[in-house]
Amino acid sequence: MLNIDGSFGEGGGQLVRNAVALSAISDEPVTITRIRASRHQKGLAAQHIAAIRAVASACDAECRGISPGSGSIEFSPRELKCREVSVEVGTAGSIPLVIQAWLSVALCAGGILHITGGTEVSRSPTIDYLDHVLMSVLRSSGAKIDLNILKRGYFPEGGGEVTVRVEQKKMLPVVTDGDKDHPCCIFSCSSNLPDHVTQRQASAADARLSLGLEEPCTISLDRRTGPSTGSSCTVCKGAKGGVALGKRGLPAEEVGRSAANALLAEIKNPGTVDIHLSDQLRVPLALFGGLFSTSTLTSHAETVCWLLSRFGYDITIH
């Protein structure tokens, strides 16, 4: 059994999520200790448990220590195959982060995931970023991924609902070609708010992007009702994106401009992918090969590279 120090490097939930995914793919049992040991709230939180259960369901894994606050787990995978999985994160735990863990496994075996929780929450990519940036890059490498947003979920109530379907396909190496030949897209979304909120977010993002890009942007508005109230704006161009979340008292225009500024900063930076996508592509890169560049080697990326080396994968960084 492979022993993983859960406090190594960045030492957060990403290490746990990727460790169980790699365990399922490689059929290598793992013990993860000192989980999030340096964090204020140590051990497993709801979204980490949901990610472990999603991966475990895909490979019928035997798990020990999977409970809130647990600092150590054992994960013993069995047969990995195409399965239909349902997971509840609870409250507004991040749906996109849970999907990321399960997605690596599903790219190898196929599968369907039904998940409830938060679609747009802080310290996480939005569900639109996941679909139109990360999954778009994977689709260009041969992946067959369909994502359906049934309900949007915002902090603190959550209540978002998403279904993801992945067909097992022969994947090509993950290679990105930058953002020059890709359209700029704006996704402005809200739940339980007046219709003008999404329009104001989108218009502000579009106006800001027009000052930095010599091309029009495609705008998609998504207004919904549901169990939670909130808004988000996601902007992207190729393998680079920017996101911003609304909050009480923050003008919708500021949300749109913030997302646009984040994208423009990434476009200005060298590299074919933004720094956050670079973190998320490390496992697919190890599994299927490929090449991309980015402007910064984050602590998250360094931690994932270390974890991949423990499973025998070699990623060369220049």
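Located above this text is the structure these notes cover.
Residues numbered from 1 in each chain as written. Predicted model: local features only at pLDDT ≥ 70, side-chain atom pairs only at ≥ 80, totals over all residues. Heavy atoms only, no water.

A.B. asks: Looking at this structure, how should I read the overall build of the chain?
C.D. replies: When you go through the chain residue by residue, the secondary structure sums to nine helices and 14 strands. At 19 Å, the chain has a C-alpha radius of gyration in line with the 20 Å of a compact globule built from 318 residues. Each principal axis of the C-alpha atoms in the chain carries an extent, and together these give about 55 × 45 × 35 Å. Across the 318 residues in the chain, those meeting the buried criterion constitute 55%. Taking contacts inside the chain between residues at least 6 apart in sequence as the whole, the part at least 24 apart equals 72%. Within the structure as shown, the chain displays about 13600 Å² of accessible surface, and the carbon and sulfur contribution to it stands at 49%. In the chain, 31 positive and 32 negative side-chain charges are present, and the distance between their average locations comes to 3 Å. (Helix = DSSP H or I, 4+ residues; strand = E, 2+ residues; numbered from the N terminus. Rg over C-alpha atoms; globule rule 2.2 N^0.38 Å. Buried < 20%, exposed > 50% of the residue type's maximum accessible area, 1.4 Å probe, protein only. Contact = heavy atoms within 4.5 Å. Areas by Shrake-Rupley, 256 points an atom, 1.4 Å probe, with all protein chains shown as cover. Lys, Arg positive; Asp, Glu negative; His and termini not counted. Charge placed at Lys NZ, Arg CZ, Asp CG, Glu CD.)

A.B. asks: What's the story with the nonpolar core in this structure? I'm lost.
C.D. replies: Note on soluble globular proteins: their nonpolar side chains tend to be buried together. Residues Phe75 and Ile99 are the most contacted members of the largest nonpolar core, which totals 78 residues. Not counting residues within four places of it along the chain, the set of residues in contact with Phe75 comprises Val20, Ser23, Ala24, Pro29, Val30, Ile52, Val55, Ala56, Cys59, Ala61, Glu62 and Cys63. (Core = buried A, V, L, I, M, F, W, Y, C linked by side-chain atoms within 4.5 Å.)

A.B. asks: How should the sheet that holds strand 10 (residues 184-191) be read in this particular structure?
C.D. replies: Think of a sheet as strands paired side by side through backbone hydrogen bonds, with each pair either parallel or antiparallel. Pairing in this open sheet of four strands is mixed, and the strands run 11-10-12-13 from one edge to the other. At either end of the open sheet lies a strand with only one pairing partner, and these are strand 11 (217-224) and strand 13 (240-245). Adjacent strand axes in the sheet meet at a mean angle of 10°, parallel and antiparallel pairs treated alike. As paired elements, strand 12 (residues 230-237) and strand 13 share six bridges and run antiparallel to each other. If you follow Cys233 over to strand 13, its bridge partner there is Ala244. Contacts from helix 5 (residues 195-212) reach strand 10, strand 11 and strand 12 within the one sheet, and its direction differs from that of strand 10 by about 155°. The strands touched by helix 6 (residues 252-268) are strand 10, strand 12 and strand 13; relative to strand 13, the strand with the most contacts, the crossing angle is about 155°. (Pairing = 2+ DSSP bridges. Axes fitted to C-alpha atoms, helices over the stretch in contact; angles between N-to-C directions.)

A.B. asks: Quick question: what am I supposed to make of the sheet that holds strand 7 (residues 144-151) here?
C.D. replies: On the basis of which strands lie adjacent, the open sheet formed by four strands has the order 5-6-8-7 and mixed pairing. Each of the sheet's edge strands pairs with one partner strand only, and the pair in question is strand 5 (83-88) and strand 7. For this sheet, the mean inter-axis angle between neighbouring strands, taken without regard to orientation, is 10°. In the sheet, strand 5 pairs with strand 6 (residues 111-117) via six bridges, with the strands oriented parallel. Among the inter-strand pairings, Glu88 is bridged to a residue of strand 6, identified as Thr116.

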